[in-house]
Amino acid sequence: MPHLPLTSFRPPLWGLRPSRGLPRSRPLSTQSEPHGSAISRTNREAKQKRLREKQASLEAGIAPKSKSPAEPSKAWTPKERVLYEIPTEQGEKKDVSRPLPPAYSPQYVEAAWYPWWVREGFFKPEYQARLPHATGETFSMCIPPPNVTGSLHIGHALTVAVQDALVRWHRMRGDRVLWVPGSDHAGIATQAVVEKQLWKERGVRRHELSREDFLREVWKWKEEKGGEICEQLRALGASLDWDRECFTMDIGSSVAVTEAFVRLYKAGLLYRSRQLVNWSCALRSAISDIEVESRPLPGRTELQLPGCPTPVSFGLLFSVAFPVDGEPDAEVVVGTTRPETLPGDVAVAVHPTDSRYTHLHGRQLCHPLTGQLLPLITDCTVQPHLGTGAVKVTPAHSPADAELGARHGLSPRSVIAEDGTMTTLCEDWLQGLHRFVAREKILSALRERGLFRGLQNHPMVLPICSRSGDVVEYLLKSQWFVRCQEMGERAAKAVESGALDLSPSFHQKNWQHWFSHIGDWCVSRQLWWGHRIPAYLVVEEHAKGDTEDSWVVGRTEAEAREVAAELTGRPGAELTLERDPDVLDTWFSSALFPFSALGWPRETPDLAHFYPLSLLETGSDLLLFWVGRMVMLGTQLTGQLPFSKVLLHSMVRDRQGRKMSKSLGNVLDPRDIISGVELQVLQDKLRDGNLDPAELAIAASAQRKDFPHGIPECGTDALRFTLCSHGALGGDLHLSVSEVLSFRHFCNKIWNALRFILNALGEEFIPQPAEELSPASCMDTWILSCLARTAQDCERGFLTRELSLVTHALHHFWLHNLCDVYLEAVKPVLSHSPRPPEPPQVLFFCADVGLRLLAPLMPFLAEELWQRLPPRPGGPSAPSICVAPYPSACSLEHWHQPELERRFSRVQESVQALRALRATYQLTKARPRVLLQSSEPGEQGLFEAFLEPLGILGHCGAVGLLPPGAAAPSGWVQAPLSDSSQAYMELQGLVDPQTHLPRLAARRHKLQKQLDGLLARPPSEGEAETQRQQRLSSLQLELSKLDKAASHLRQLMDASPSPGGSPSP
């Protein structure tokens, strides 16, 4: 029976050749990628050149150097895309009745499946509960809600790929699975985007609108622009239950946030206080720690800041003299990086044992700007070896100084306002100036007064607001704070006791350290977009001029009024309440997401069935700011840990090792890798962003270097597989597009394998029940054993959540077991007449089980191919591979034969030896006979069982056995297989020594030059020397092989005339 050749299993790097000869009646279309198809001739010539080079290297037995996965190819060849164009209504099942296209095309494969999955309800737990193989167990997760303002980048794609693989595996196991989608309202980011849009389109500032009108504009923007993330999630194949989609500003979330605030307040865990907070003057709001970027500066660095007319220098230490009161010639010199805060100084501190200042203890110093007397205080936290050993104390603008000032009873003096200008507590000549403009005036005044003592480069870490790019100020503000110590202790104990499992376990150290040093959490934000704080100021009490304002908290204003009436003893109707204009930190609502998304505080069926969540999977950068707060608030508000297991994946970084960040312009949209994109489009996206000119130039240059030819189309399945192949225990993930591209080639291997299998099965094939499968040969038994081992490895990988184990097992089975070995070995068997019935059954079984093993990681490719397999008698067991049973290790265990696999590995080593021998003698077309000889009876028996596969896989003719001790035939070359066995290959009449000897000599000369060059080099150290020694050994081995080959060819030439020559007279 005819069968498809597997030559396409060896595609050139990037670029399938355009498909030819498709019948016009097929509803396919081809669409060329950027650069067109005019270069196909060049591609063929380049491929032929590569093949010639590869053959030359094989002659010497040296494989060409492989590129690092992270190293991009210099050019990639555009592929011709095949499109699915059969008319299919949205949500209707894809038509798979037509033949597979001749080449794998992601656009064709990924078309139409996702809407059908959603419409059929495969992603809903209610559907899964009805599956025949339902386990009755529950698995629930929520997606880390991405910000509604933006789009997903590769870091988000990693989260989705890992989560979806786990979700799909549990679903196929028969578990009742719920994966909740959602997005975050992203208070600061969303408000900034809408404000910018209003100014750009209408020339209107936020404060020119009422709060209600502005919020209407934000909701309008959200409805118009906020759906991009959902489209990206669908493109990535995320099997989320969209009917349960949440948004952290929807009604349910608002109810949960208000309830949480009220309960925390009543429990004494929420309070209002005037404390130092991270403040963004550009945003005029407090910001969270995660929005503060700590930027290291090596020394003097100029930065252009929002609202500042000129660049500002940082990374400098300014020395300022504070005269000692009553001693005209005595002074204390203080170093500062923030001279603009000098007006807020209330003391100078030194270490009590610093002998330089012992005589000044208890003295007073003159403020260098105002002349006001300041105390010289002593404190053990001062580090005498840094600078002059004397520090100025500014409690209103430094967290460390605030603690020091509190210990010494110093009153703070706020000199920087919310907008970054100097306050009225400064002298007239500074009031109202931008703080960094005031800095220059202060330095000038110090110089005029003779109190400036110079400046020097000073490495430092500068806090920058990641949202605005402004320098973060520490300001004293009356805000709402969550007490974290008690809840933090419970969170720490949960990990310590094992109730909460953090994986990888090395994160436990950071967890314990953070919670042992946790401070209270400022949750007030001076924004309009967000959950407005349900707290009310009692105006009548405020008017009395009490030292502390009177605040009440309530779920509604009516409830707050009742509380106020009880507090004041006056009728609630007579009281005037003013609601706090601030909103809550976005992280507050995000911390409630695991249970608010399920309906809390209402007692819903979802909350009862799916809470606590089975697993929380997210990036390691969110461990403390999000995971930690979910654990604190979840335990406090629900009485349970929100989840018992946390899986943290590594950070995705660019090729320069930088974190993916919009502010750096290095983010990659997953869709650009899925669908491919031209360099110009990438550059246009950068220009349309909000990068400053300097960052734009750097980002554009990096793009041109990383993607000189744009990004090739890789497809969703290849991207997902690549992301899951990186182990969680590793370091940061440096993803390269060439790595994704290599897995697209893997998809093509699977595609061609299924085309071969389907053709081999034919239209009349009827699968046997799995329990009746009976292998007819050792090769059949071997591939079934490999399949069973792969199922074991996959199951272990999913259970331990080490997805890299799963990807490795699947890649090895499909590529190295099935495609490279079994399919090649079974091709001649299938051409026998009559054809044995067992191999097609084994092929079907491998395809069916192999695709189901692959489905959680490559859902589109697996569905496309699985749907085309012949149905088992009695109809398909599942309508989709999404809900088909995942192959369990125990169901295939009876096929697993480790000893057979170990023995066959010896056969494969022999195959490699035979192939190397053929390459050495350039037997490109000839199929020489081979004899195997062994002094070990067990090894002789092993060869006897696999004689036919040895010949097929070694590209040889008939393979036979030579009795131990028997002499080899004349004209046959010998190659050792082990200490006890060797192979003899027929050369007589197949090789012309006179032609081949000069080639060997030229190759030997080239290798000898390389060896001499390496020997002439002086020895290196470490890894470089190890590589040098390995290369030396490799060259010496190849020279030895060439010498033996040349010797054997000379013997052949002496023994008989060359092929085609006439005999001697």
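Let's shift gears to the overall build of the protein. Helix and strand content of the protein: 34 helices and 35 strands. Across its three principal directions, the C-alpha atoms of the protein cover 125 × 75 × 55 Å. Each of the 1065 residues in the protein was classed as buried or not, and the buried ones make up 53%. For the protein, the accessible area works out to roughly 47,300 Å², and carbon and sulfur atoms hold 51% of it. The average position of the 115 basic charges and that of the 122 acidic charges among the side chains of the protein differ by 7 Å.

Before going further, it helps to examine the confidence of the model for the protein. The predicted model of the protein has a mean per-residue pLDDT of 87, with 90% of residues at 70 or higher. When the criterion is pLDDT under 50, residues 1–49 qualifies, and its contacts beyond four places in sequence or with other chains add up to 96 contacts. Every residue in residues 1058–1065 is under pLDDT 50, and counting partners more than four places away or in other chains gives 8 contacts.

This paragraph deals with the pattern of salt bridges. Taken as a whole, this structure holds 53 salt bridges when the rule is applied. The partner of glutamate 864 in a salt bridge is lysine 94, and the shortest N-O contact between them spans 2.6 Å. Here lysine 94 lies in the loop between strand E2 (80–84) and helix H2 (106–110) and glutamate 864 lies in helix H28 (residues 859–866), a separation of 770 residues in the sequence. For glutamate 473, the salt bridge identified is with arginine 338, shortest N-O distance 2.8 Å. Taken together, the residues span a long stretch of sequence, with glutamate 473 in strand E20 (residues 473–482) and arginine 338 in the loop between strand E13 (331–336) and strand E14 (347–350) at a distance of 135 residues. With respect to burial, glutamate 473 and arginine 338 carry one shared label: buried. One network of salt bridges, in which partners are shared, links Lys124, Glu126, Asp241, Asp243, Arg244 and Asp606.

A few words on the packing of helix H27 (residues 838–854) against H28. The N-to-C vectors of H27 and H28 enclose an angle of 155 degrees; their axes lie 9 Å apart at closest approach. Comparing the axis directions of H27 and H28 gives the class roughly antiparallel. Helix-helix and strand crossings are classified by hand; for H27 and H28 the assignment is left-handed. Along the contact surface, H27 presents Asp848, Leu851 and Arg852, while H28 presents Ala862, Leu865 and Trp866. Here the residues of the contact of H27 with H28 sort into 4 nonpolar, no polar and 2 charged.

In this section: the packing of aromatic side chains. Within this structure, the stated rule accounts for 32 aromatic pairs. Look at tryptophan 782 and phenylalanine 904: their rings are 4.5 Å apart centre to centre, the planes differ by 45 degrees, and that puts the pair in the tilted class. Of the two residues, tryptophan 782 is situated in helix H25 (residues 778–800) and phenylalanine 904 in helix H30 (residues 898–920); the sequence distance between them amounts to 122 residues. Across this residue pair, the class does not change: tryptophan 782 and phenylalanine 904 are buried. On the numbers, 5.8 Å between centres and 90 degrees between planes, the contact of phenylalanine 798 with tyrosine 886 is edge-to-face. Highlighted residues: phenylalanine 798 in helix H25 and tyrosine 886 in the loop between H28 and helix H29 (889–892), separated in sequence by 88 residues. Under the relative-accessibility criterion, phenylalanine 798 is labelled buried at 2%. Looking at tyrosine 886, the relative accessible area reads 9%, which means it is buried.

Let us now look at helix H8 (residues 228–235). Those residues of H8 lying buried are Ile229, Cys230, Gln232 and Leu233. Buried residues of H8, seen end-on, are gathered within an arc of 160 degrees and therefore sit on one face of the element. Along its buried surface, H8 packs onto helix H5 (154–173) and helix H20 (670–675).

One open sheet accounts for 3 strands, arranged E25-E24-E26; its pairing is antiparallel. Strand pairing shows two members of the sheet lacking a second neighbour, strand E25 (551–553) and strand E26 (577–579), which therefore form its edges. Sheet twist, expressed as the average angle between the axes of neighbouring strands with direction ignored, equals 35 degrees.

Within E20, 8 of the 10 residues are buried, which leaves it mostly tucked inside the rest of the structure. Note: strand E7 (residues 270–280) against E20, 10 bridges, orientation antiparallel. Bridging across to E20, glutamine 275 finds its partner in lysine 477. Direction of pairing for E20 relative to strand E22 (residues 521–522): antiparallel, over a ladder of 2 bridges. Counted as the bridge partner of phenylalanine 481 is cysteine 522 from E22.

Counting through the fold element by element, histidine 507 comes out in helix H13 (residues 507–516). Apart from residues no more than four positions distant in its own chain, histidine 507 is found in contact with Leu502, Ser620, Leu623 and Leu648.

What follows deals with the sheet that holds strand E33 (residues 959–961). What the 4 strands build is an open sheet, ordered E33-E32-E35-E34; its pairing is mixed. The open sheet terminates on both sides in strands that have one partner only, identified here as E33 and strand E34 (972–976). Here the average twist between neighbouring strands, direction ignored, is 25 degrees. One ladder, built from 5 bridges, connects strand E32 (residues 930–934) with strand E35 (residues 981–986); its direction is antiparallel. Across the sheet, residue serine 934 finds its bridge partner in E35, namely serine 981.

This brings us to the side chain of arginine 439. Inspection of the secondary structure puts arginine 439 in helix H11 (residues 435–448). A residue is classified by how much of its surface remains accessible, and arginine 439, at 1% relative accessible area, is buried. Sequence-distant contacts of arginine 439, defined by excluding residues within four places in its chain, comprise Val312, Ser313, Phe314, Phe318, Thr337, Arg338, Pro339 and Glu340.

Nonpolar side chains tend to gather and get buried jointly when the protein is soluble and globular. If you look at the biggest cluster of nonpolar residues, it comprises 166 residues, and the most contacted ones within it are Ile750, Ile783, Trp814 and Tyr822. Considering every element that reaches this core, the biggest residue donor is helix H26 (residues 803–830), with 16 residues. Discounting chain neighbours no more than four positions away, the residues touching isoleucine 783 are Phe813, Asn817, Leu818, Tyr822, Val842 and Cys846. Counting 61 residues, the second-largest nonpolar core is a separate cluster that includes Cys142, Val482, Phe593 and Leu624.

The next thing to look at is helix H3 (residues 113–120). Along an α-helix, residues three or four positions apart point the same way, because every turn accommodates 3.6 residues. All of the buried residues along H3 are Trp113, Tyr114, Trp116 and Trp117. Looking down the long axis of H3, one finds its buried residues gathered within 165 degrees of arc, a one-sided arrangement. A positive backbone phi angle near 80 degrees is found at glycine 121, which sits one or two residues after H3.

When you line up the elements, isoleucine 143 lands in the loop between strand E3 (138–142) and H5. Counting along the chain gives 450 residues from isoleucine 143 to phenylalanine 593, while the straight-line C-alpha distance between them is 9.5 Å. For isoleucine 143, the contacting residues outside a window of four places in its chain are Val160, Gln163, Trp179, Val180, Pro181, Gly182, Leu233, Leu240 and Phe593.

Let us now look at unusual backbone geometry. That bond from serine 503 to proline 504 is cis: its omega, 0 degrees, falls within 30 degrees of zero. As for its position among the elements, proline 504 is in the loop between strand E21 (501–503) and H13. A cis geometry characterises the amide bond from tryptophan 600 onward to proline 601, with omega recorded as 15 degrees. Along the chain, proline 601 falls in the loop between helix H17 (593–596) and helix H18 (605–610). A positive phi angle is found at glutamine 922, which is not glycine, with a value near 55 degrees.

What follows covers the packing of helix H24 (residues 737–761) against H27. Packing of H24 against H27 leaves a shortest axis separation of 10 Å and a crossing angle of 145 degrees. The crossing of H24 and H27 is left-handed. Two secondary-structure elements touch here, H24 through Ile750, Leu754, Ile757, Ala760 and Leu761 and H27 through Pro840, Leu843, Phe844, Ala847, Leu851 and Leu854. Here the residues of the contact of H24 with H27 are counted per class, giving 11 nonpolar, no polar and no charged.

Before going further, it helps to spend a moment on the state of the cysteines. In total, this model carries 0 disulfides according to the counting rule given. Sulfur of cysteine 366: no disulfide; nearest cysteine sulfur belongs to cysteine 426 and is 19 Å away. Residue classification places cysteine 366 among the buried residues on the basis of a relative accessible area of 19%. The thiol of cysteine 778 is not disulfide-bonded; the next cysteine sulfur, from cysteine 786, is found 13 Å away.

On to the environment of glutamate 110, then. Relative to the elements of secondary structure, glutamate 110 occurs in helix H2. In this structure glutamate 110 comes out as buried when scored by relative accessible area, which is 17%. Taking the C-alpha atoms as reference, glutamate 110 lies 21 Å from leucine 668; in sequence the two are 558 residues apart. When neighbours within four sequence positions are excluded, glutamate 110 is seen to be in contact with Lys94, Ile674, Gly715, Thr716, Asp717 and Phe860. Polar side-chain contacts of glutamate 110 include one of 2.7 Å to the backbone nitrogen of threonine 716.

Rules of the game
Along each chain, residue indices are assigned from 1 in the same order as the chain's sequence is written. Under the rules for a predicted model, residues below a pLDDT of 70 receive no local features and side-chain atom pairs below 80 are neither given nor counted, while totals for whole chains, interfaces and linings still include all residues. With hydrogens and water excluded, all non-hydrogen atoms of the structure serve as input to the side-chain values. Here a helix means four or more residues in a row that DSSP labels H or I, a strand means two or more in a row labelled E, and each is numbered from the N terminus. When accessible area is computed with a 1.4 Å probe and restricted to protein chains, residues below 20% of their type maximum are described as buried, those above 50% as exposed, and intermediate ones as partly exposed. Method for areas: the Shrake-Rupley scheme with a 1.4 Å probe, in which residue coverage is limited to the protein chains shown. The sign given to each residue is positive for Lys and Arg and negative for Asp and Glu; His and the chain ends receive no count. Charged side chains are reduced to one point each, which is NZ for Lys, CZ for Arg, CG for Asp and CD for Glu. Confidence per residue, as judged by the predictor, is encoded in pLDDT with a range of 0 to 100. Here, residues are in contact when the closest pair of their heavy atoms is within 4.5 Å. Take a side-chain nitrogen of Lys or Arg and a carboxyl oxygen of Asp or Glu: if they are within 4 Å of each other, that pair is a salt bridge. Angles shown run from 0 to 180 degrees and are taken between the N-to-C directions of axes, each axis being a line fitted to C-alpha atoms and, for helices, limited to the stretch in contact. Small angles under 35 degrees read as roughly parallel and large ones over 145 as roughly antiparallel, with 65 to 115 read as roughly perpendicular and the rest as oblique. By convention, the crossing between two helices is left-handed when the near helix turns anticlockwise from the far helix through less than a right angle, and right-handed when the turn is clockwise. For this classification, the nonpolar set comprises Ala, Val, Leu, Ile, Met, Phe, Trp, Tyr, Cys and Pro, the charged set comprises Asp, Glu, Lys and Arg, and every other residue, Gly included, is treated as polar. Pairing of aromatic rings covers Phe, Tyr and Trp, the last through its six-membered ring, and needs centres within 6.5 Å; plane angles under 30 degrees mean stacked, over 60 mean edge-to-face, and all others mean tilted. Regarding the arc, it is the one traced by the directions from the helix axis to the C-beta atoms. Note on pairing: two strands pair once DSSP finds at least 2 bridges between them. Throughout, nonpolar core names a set of buried Ala, Val, Leu, Ile, Met, Phe, Trp, Tyr and Cys residues whose side chains join them through atoms within 4.5 Å. Cysteine sulfur atoms that come within 2.5 Å of each other are treated as a disulfide pair. Here a polar contact is taken to be a pair of N or O atoms separated by no more than 3.5 Å, where protein atoms must pair a possible hydrogen donor with a possible acceptor and residues adjacent in sequence count only if both atoms sit in side chains.

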